[in-house]
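So the chains spell out like this:
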Amino acid sequence: MFEISWLQAVLGGVFGLLIGSFLNVVIHRLPKMMERQWAAECAEFSGQEAPPQEPFNLVVPRSRCPHCGHQIQWHENIPVLSYLFLRGKCSACAAPISARYPLVEIVTGGLFAWCAWHWGFTPTAAVWSLFAAALVALTLIDWDTTFLPDDITLPLLWAGLISSLLGWTGVPPASAVWGAAGGYVSLWLVYWAFKLATGKEGMGYGDFKLFAALGAWFGWQALVPIILMASVIGALVGIGMKLASSLREGGVIPFGPFLAMGGITAMVFGPEAILRVIGLA
């Protein structure tokens, strides 16, 4: 049984590395696709004809070096191994390749391996692996752009509700529905309380939708542990960035990545364990 678990974890990890490579494409391209869509909609609303653009989505064009335009070959796109073989540099112009690419692949592979180890090759492992992949993508997109795309948050919300209904998450459907509603409304109330008190927006609507999705996956009982963990992680990161003088202009730090980290922590350790760590259980 132990050997089977290890084999499942290894196979799950390899598949996670491949998914992580795809997530790098999603993280880079989805915000650009959103910008193109917004520009086209603005042109339409203003009665102007949008200029023709070459196809740009998650599939085309093929990946290229941003410095020299070198088209990435298949053997240069093997997760982690290609980065090591190329020594972190483009094969054509020797420009450095960001270490974030293999890190995303490693983190995603590790999460997939954990899901396969914990649940085996089951629908439960599959849906939680997809849950983890979505949170990895949302973390970095929000960190880069301060946007949480509906293209990911809303499917994640519905996937949590449907998985609950099918019995794959172990969360009763009623708890999942109340978790989704409670997650959205709670941050919506915080948003408006902060805005009325200060005249500023402390978070975006994407945070509401992400917290609603987490409520759907874990149930309403997990909302407090997750938001507490997200707040603790966010406070530690914010303090660290301030001490290192690395805060962005205006001191803006998106909250979505910390919500996602709270969700990953709840998946791996359980919501109750979060309360024990914080000292509230």
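Computed from a prediction, not measured in an experiment: that's the story for all the values here. Sequence order sets the numbering: in each chain, residues are counted from 1 along the sequence as written. With the structure being a predicted model, the display of local features is reserved for residues of pLDDT at least 70 and the display and counting of side-chain atom pairs for 80 or more, all residues being used for whole-chain, interface and lining totals. Side-chain figures throughout are based on the complete set of non-hydrogen atoms in the structure, without hydrogens or water.

Colleague: Where do I start with a nonpolar patch on the surface in this structure?
Modeller: On the surface, a nonpolar cluster with roughly 500 Å² of combined accessible area is contributed by Leu154, Trp158, Ile162, Leu166 and Trp168. A run of H or I in DSSP counts as a helix once it spans at least four residues, and a run of E counts as a strand once it spans at least two, with each numbered from the N terminus. With respect to the secondary-structure elements, Ile162 resides in helix 5 (residues 150-165). Only protein chains enter the accessibility calculation, which uses a 1.4 Å probe; a residue whose area is less than 20% of its type maximum is buried, one above 50% is exposed, and one in between is partly exposed. Classification of Ile162 as partly exposed rests on a relative accessible area of 46%. Patch construction takes residues with relative accessible area above 30% that form no salt bridge. Like charges are linked within 9 Å, and nonpolar side chains (Val, Leu, Ile, Met, Phe, Trp, Tyr) are linked within 5 Å. Surface accessibility in these figures is a Shrake-Rupley result with a 1.4 Å probe; residues are shielded only by whichever protein chains are displayed. Salt bridge, as used here, is a side-chain nitrogen of Lys or Arg placed within 4 Å of a carboxyl oxygen of Asp or Glu.

Colleague: Just to check I follow, could you spell out the layout of surface pockets for this structure?
Modeller: Any empty space left between the atoms is revealed when a probe the size of a water molecule rolls over them. What the largest pocket holds in volume is close to 1,100 Å³. Site definitions follow a grid-based scheme: protein atoms alone, a 1 Å grid, a 1.4 Å probe that fits but cannot get out for cavities, and for pockets an open set with protein on both sides within 12 Å along at least five of seven lines, plus lining residues having an atom within 4 Å of a point. Lining the largest pocket we find 39 residues, and of these Ser63, Arg64, Ile72, Asn77 and Tyr101 sit closest to its centre. Counting only elements with at least two residues in the lining of the largest pocket, the list comes to helix 1 (2-45), helix 2 (81-85) and helix 3 (100-119). Only Asp, Glu, Lys and Arg are considered charged in this grouping, and only Ala, Val, Leu, Ile, Met, Phe, Trp, Tyr, Cys and Pro are considered nonpolar; every other residue, Gly among them, is considered polar. By residue class, the composition of the lining of the largest pocket is 20 nonpolar, eleven polar and eight charged. Grid points are joined across faces, edges and corners, and a volume is the space filled by probe spheres set on the points. By volume, the second largest pocket is sized at about 770 Å³. Asp142, Thr146, Met203, Gly204 and Asp207 are the residues nearest the centre of the second largest pocket, which is lined by 32 residues in total. Breaking the lining of the second largest pocket down by element, the ones donating at least two residues are helix 1, helix 5, helix 6 (173-198), helix 7 (205-218), helix 8 (223-243) and helix 9 (256-269).

Colleague: Help me understand the environment of Ala9, please; the structure alone is not making it clear to me.
Modeller: As for its position among the elements, Ala9 is in helix 1. Overall, the relative accessible area of 9% leaves Ala9 in the buried class. Sequence spacing of Ala9 and Trp114 is 105 residues, and the spatial spacing of their C-alpha atoms is 6.4 Å. The contact criterion used throughout is that any non-hydrogen atoms of two residues lie within 4.5 Å. Those residues in contact with Ala9 that sit more than four places away from it in its chain are Ala113, Ala116 and Trp117.

Colleague: Help me understand helix 5, please; the structure alone is not making it clear to me.
Modeller: The span one expects for a helix is its residue count, reduced by one, times 1.5 Å. With 16 residues, helix 5 ought to run about 22 Å at 1.5 Å a step, and its terminal C-alpha atoms sit 22 Å apart, in line with that. Those residues of helix 5 not exposed but buried are Ile152, Thr153, Leu156, Leu157, Gly160, Ser163 and Ser164. End-on view of helix 5: buried residues confined to an arc of 140 degrees, all on one side of the axis. Exposed residues lying more than 90 degrees from the buried face of helix 5 are Asp151, Trp158 and Leu165. Looking at the residues trailing helix 5, positive phi occurs at Gly167, about 80 degrees. To be clear, the arc concerns the directions from the helix axis to the C-beta atoms.

Colleague: Quick question: what am I supposed to make of helix 8 here?
Modeller: Residue pairs spaced three or four apart in an α-helix point in one direction, given the helix's 3.6 residues per turn. End to end, helix 8 covers 30 Å across 21 residues, agreeing with the expected 30 Å (1.5 Å per residue, within 8%). Along helix 8, the positions that sit buried rather than exposed are Leu223, Pro225, Ile226, Met229, Ala230, Ile233, Gly234, Gly238 and Met241. Phi for Ser245, located one or two positions after helix 8, is positive at around 55 degrees.

Colleague: Is there a simple way to explain the nonpolar core in this structure?
Modeller: Among the nonpolar cores identified, the biggest contains 52 residues, and Phe131, Leu135, Leu156, Leu214 and Phe218 are the most heavily contacted of them. Only helix 1, helix 3, helix 4 (123-145), helix 5, helix 6, helix 7, helix 8 and helix 9 provide two or more residues apiece to this core. In this text, buried Ala, Val, Leu, Ile, Met, Phe, Trp, Tyr and Cys residues form a nonpolar core when linked through side-chain atoms within 4.5 Å.

Colleague: What am I meant to see in the side chain of Thr169 here?
Modeller: Mapping Thr169 onto the fold places it in the loop between helix 5 and helix 6. Relative accessible area serves as the criterion here: at 13%, Thr169 is assigned to the buried category. Not counting residues up to four positions away in its chain, the partners in contact with Thr169 are Trp128, Ser163, Ser164 and Trp217.

Colleague: What should I look at first to understand the packing of helix 7 against helix 8 in this one?
Modeller: Packed helices, taken two at a time, are described by their axes: the angle between them and the distance between them. For the pair helix 7 and helix 8, interaxial distance at closest approach is 10 Å and the crossing angle is 135 degrees. With respect to helix 8, the element helix 7 is oriented oblique. Helix 8 is crossed by helix 7, and the crossing has right-handed handedness. On helix 8, the residues touching Phe211, Leu214, Gly215 and Phe218 of helix 7 are Leu223, Ile226 and Ile227. When the residues that make up the contact of helix 7 with helix 8 are grouped by side-chain class, the tally is six nonpolar, one polar and no charged. Between N-to-C directions, angles span 0 to 180 degrees; the directions come from axes that are lines fitted to C-alpha atoms, helices contributing only their stretch in contact. Angular relationships are summarised with four words: roughly parallel below 35 degrees, roughly antiparallel beyond 145, roughly perpendicular across 65 to 115, and oblique for the angles in between. Should the near helix be turned anticlockwise from the far one by less than a right angle, the crossing is termed left-handed; should it be turned clockwise, right-handed.

Colleague: Explanation requested: the packing of helix 6 against helix 7 in the structure shown.
Modeller: Two elements in contact, helix 6 and helix 7, have axes separated by 7 Å at closest approach and are oriented at 155 degrees. Considering their axes alone, helix 6 and helix 7 lie roughly antiparallel with respect to each other. By crossing handedness, the relation of helix 6 to helix 7 is classed as right-handed. Residue-level inspection shows Ser175, Ala176, Gly179, Ala180, Gly183, Tyr184, Ser186, Leu187, Trp188, Tyr191 and Trp192 of helix 6 in contact with helix 7, the latter providing Tyr205, Asp207, Phe208, Lys209, Phe211, Ala212, Gly215 and Ala216. Broken down by class, the residue content of the contact of helix 6 with helix 7 amounts to twelve nonpolar, five polar and two charged.

Shape descriptors only; they carry no functional weight alone.
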